[in-house]
Amino acid sequence: MVKNQLHGLLLSLGIETRRGRLRSARERRRAKCELVAHNITGATVDPLFETIDRLTEQVKQIEAALERLTAGDGTVCVVRTVPGAGLITAVTIRALTDDIARFATPGKYASFARLLRWMAQSNETVRYGRITKRGLSELRTGLVHVLLGMMRLHRYTAGYRIMQRYEAIKRRKGAERSIIAGAGNLAEIV
């Protein structure tokens, strides 16, 4: 939110900004110099930059603590080997999955992650609907984020079967449905 305020301020002055501009300390110093050049200083922008610096430091401390807590966890290490899966996503998937042995089939795990369509079956009639909204949304979100990370690293992951399936579904059904289907495939692999 604070970064958005600074981006808005820079944009209002006619200074073009890109999305990751305020991510590093060096880029924040450059942005601050540009604001000084436009006579915007002191009490207006200093608290915003200080807030970003303080929050960045706190995030680093939390990530270091998570790294220490999960150092010996094999599941987190395995999930992090997937291109696009970072520490936070791996820890989220690990925490919400708990014991993978409690799921009899890969499809049941994907269903637990709310990535499969609901099914109603009566005698020989089978009807399918949309994906369900029950259960923990964080696990589904984590698996979707891993797939999105794989999409960002397309030059490395283009040969993966899961990405080839994603592309095939995307051509037939569109991007939104293919992301959920790809995350469902990823859940089955997990």
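Remember, it's a predicted structure, so these values are computed and weren't measured experimentally.

### A few points about the pairing of strand β1 (residues 117-122)
Looking down a regular strand, the side chains alternate between one sheet face and the other.
Step number 1: Taken together, the five bridges between β1 and strand β2 (residues 125-131) define a ladder with antiparallel strand orientation. Opposite R117, over in β2, you have I131 as the bridge partner.
Step number 2: What sits between β1 and β2 in their antiparallel hairpin is a turn of two residues, with N123 showing a positive phi close to 55 degrees.

### Notes on the environment of R117
Step number 1: Its location among the elements puts R117 in strand β1.
Step number 2: Ignoring anything within four residues of it in the chain, the contact list for R117 reads Y128, G129, R130 and I131.

### Looking at the packing of helix α7 (residues 137-152) against helix α10 (residues 175-189)
Step number 1: Two numbers describe how α7 lies on α10: the axes approach to 9 Å, and their chain directions differ by 105 degrees. By the angle between their directions, the pair α7 and α10 is classed as roughly perpendicular. Packed against α7, whose contacting residues are R140, L143, V144, V146, L147, L148, M150 and M151, the element α10 presents S178, I179, I180, G182, A183, L186 and A187 at the interface.
Step number 2: Of the residues belonging to the contact of α7 with α10, the class tally is twelve nonpolar, two polar and one charged.

### Quick word on α10
Along an α-helix, residues three or four positions apart point the same way, because every turn accommodates 3.6 residues.
Step number 1: With 15 residues, α10 extends 21 Å between its outermost C-alpha atoms, agreeing within 8% with the 21 Å of an ideal straight helix rising 1.5 Å per residue.
Step number 2: Taken together, the buried positions of α10 are occupied by S178, I179, I180, G182, A183, G184, N185, L186 and A187.
Step number 3: For α10, the secondary structure elements touched by its buried residues are α6 (106-112), β2, α7 and α9 (161-173).

### Some details on the packing of aromatic side chains
Between two aromatic rings, the relevant description is the distance of the centres plus the angle of the planes.
Step number 1: Applying the stated criterion across every chain yields a total of two aromatic pairs.
Step number 2: Between F103 and Y109, the ring centres sit 5.2 Å apart and the planes meet at 65 degrees, which makes this aromatic pair edge-to-face. Y109 shares its class with F103; the two are buried.
Step number 3: Where F103 meets F112, the ring centres are 5.0 Å apart and the plane angle is 45 degrees; that geometry is what we call tilted.
Step number 4: The class for F112 is partly exposed, based on a relative accessible area of 28%.
Step number 5: Three or more aromatic residues joined by ring pairs make a cluster, and in this case those are F103, Y109 and F112.
Step number 6: It is R102 that lies over the ring of F112; its NZ or CZ is 5.0 Å from the centre.

### Thoughts on the pattern of salt bridges
Step number 1: Applying the stated rule across the entire model yields five salt bridges.
Step number 2: Here E27 and R30 are joined by a salt bridge, their closest N and O atoms 3.0 Å apart. Of the two residues, E27 and R30 are both situated in helix α2 (residues 25-37); the distance of three residues between them amounts to about one turn of the helix.
Step number 3: Taking the relative accessible area as the measure of exposure, E27 reaches 11% and is therefore buried.
Step number 4: Using a relative accessible area of 43% as the deciding quantity, one classes R30 as partly exposed.

The rules behind the values
Residues numbered from 1 in each chain as written. Predicted model: local features only at pLDDT ≥ 70, side-chain atom pairs only at ≥ 80, totals over all residues. Heavy atoms only, no water. Pairing = 2+ DSSP bridges. Helix = DSSP H or I, 4+ residues; strand = E, 2+ residues; numbered from the N terminus. Contact = heavy atoms within 4.5 Å. Axes fitted to C-alpha atoms, helices over the stretch in contact; angles between N-to-C directions. Parallel < 35°, antiparallel > 145°, perpendicular 65-115°, else oblique. Nonpolar A, V, L, I, M, F, W, Y, C, P; charged D, E, K, R; others polar. Expected span 1.5 Å × (residues − 1). Buried < 20%, exposed > 50% of the residue type's maximum accessible area, 1.4 Å probe, protein only. Phe/Tyr/Trp six-rings, centres within 6.5 Å; stacked < 30°, edge-to-face > 60°. Lys NZ or Arg CZ within 6 Å of the ring centre and 35° of its normal. Salt bridge = Lys/Arg side-chain N within 4 Å of Asp/Glu carboxyl O.

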